[in-house]
Amino acid sequence: MDTPETDFIYQNGKRIEEYENTPREFVDPYADMTGEEKSKLILMLQDMLRQREDEAKKKDEKNNQLNNKLDEMLRRQAESNSQIAKLTELLSEMQRSNLEKEKRIEDLLKKIADLKADKKKARKDRFN
């Protein structure tokens, strides 16, 4: 059952185990610094952290402002869409009304033409 692949996996497993169990020496990268220098470094890092926090706070405020503006714009867009729908409906109603009026005018013009023709015929019949 021992194949080259299983041997390879077994050997690598042993190497990883040895690596994990090997004690490591802690090397302090700041050992050559004096206490005063370490204090100054800590203060500088705290200032940098405060600046980053302030920047993050400003960005959050800006994002909140932009979100509020976006909400307002979306509300206005919804109102505009509602008004557009109402105006579209009103326009359609006016167009239907105009078509009805045009049809009525055509019918009246036809009646007038018919009446004129009847009048002309009646005159012709009377005087002939």
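Residues numbered from 1 in each chain as written. Predicted model: local features only at pLDDT ≥ 70, side-chain atom pairs only at ≥ 80, totals over all residues. Heavy atoms only, no water.

A. Examining the overall build of the chain more closely. If you tally the helices and strands in the chain, you get two helices and zero strands. The C-alpha radius of gyration of the chain comes to 47 Å, more than 25% above the 14 Å expected for a compact globule of 128 residues. Among the 128 residues that make up the chain, the fraction classed as buried is 0%. Surface exposure of the chain reaches about 13,100 Å², of which carbon and sulfur atoms provide 55%. (Helix = DSSP H or I, 4+ residues; strand = E, 2+ residues; numbered from the N terminus. Rg over C-alpha atoms; globule rule 2.2 N^0.38 Å. Buried < 20%, exposed > 50% of the residue type's maximum accessible area, 1.4 Å probe, protein only. Areas by Shrake-Rupley, 256 points an atom, 1.4 Å probe, with all protein chains shown as cover.)

B. Structural view of the packing of aromatic side chains. Inspection of the entire model under this criterion finds zero aromatic pairs. Taking NZ or CZ as reference, Arg24 lies 4.1 Å from the ring centre of Tyr19, over its face. (Phe/Tyr/Trp six-rings, centres within 6.5 Å; stacked < 30°, edge-to-face > 60°. Lys NZ or Arg CZ within 6 Å of the ring centre and 35° of its normal.)

C. Structural context of the pattern of salt bridges. Across all of its chains, the model carries five salt bridges by this definition. Two residues, Glu72 and Arg75, come together in a salt bridge whose shortest N-O distance is 2.3 Å. Here the residue Glu72 and the residue Arg75 both occupy positions in helix H2 (residues 35–127), the gap between them amounting to three residues, near one helical turn. In this structure Glu72 comes out as partly exposed when scored by relative accessible area, which is 29%. Here the salt bridges do not stand alone but share partners, grouping Glu72, Arg75, Arg76 and Glu79 into one network. (Salt bridge = Lys/Arg side-chain N within 4 Å of Asp/Glu carboxyl O.)

D. Inspection of a nonpolar patch on the surface at higher detail. Judged by side-chain polarity, Met44, Leu45 and Met48 come together as a nonpolar surface patch covering roughly 260 Å² of accessible area. Positionally, Leu45 belongs in helix H2. (Patch = residues over 30% accessible without salt bridge, like charges linked within 9 Å, V, L, I, M, F, W, Y side chains within 5 Å.)

E. How the structure looks around a positive patch on the surface. A contiguous patch of positive charge, built from Lys116, Lys119, Arg123 and Arg126, is present on the exposed surface. Here Lys116 is to be found in helix H2. (Lys, Arg positive; Asp, Glu negative; His and termini not counted. Charge placed at Lys NZ, Arg CZ, Asp CG, Glu CD.)

F. Layout of helix H1 (residues 4–21). The first and last C-alpha atoms of H1 sit 26 Å apart over 18 residues, in line with the 26 Å expected at 1.5 Å per residue. The buried fraction of H1 is low, at zero of 18 residues. (Expected span 1.5 Å × (residues − 1).)

G. Region of the structure containing the environment of Tyr10. In this fold, Tyr10 is placed in helix H1. Each C-alpha atom of the pair Tyr10 and Ala31 lies 40 Å from the other, and the pair is 21 residues apart in sequence.

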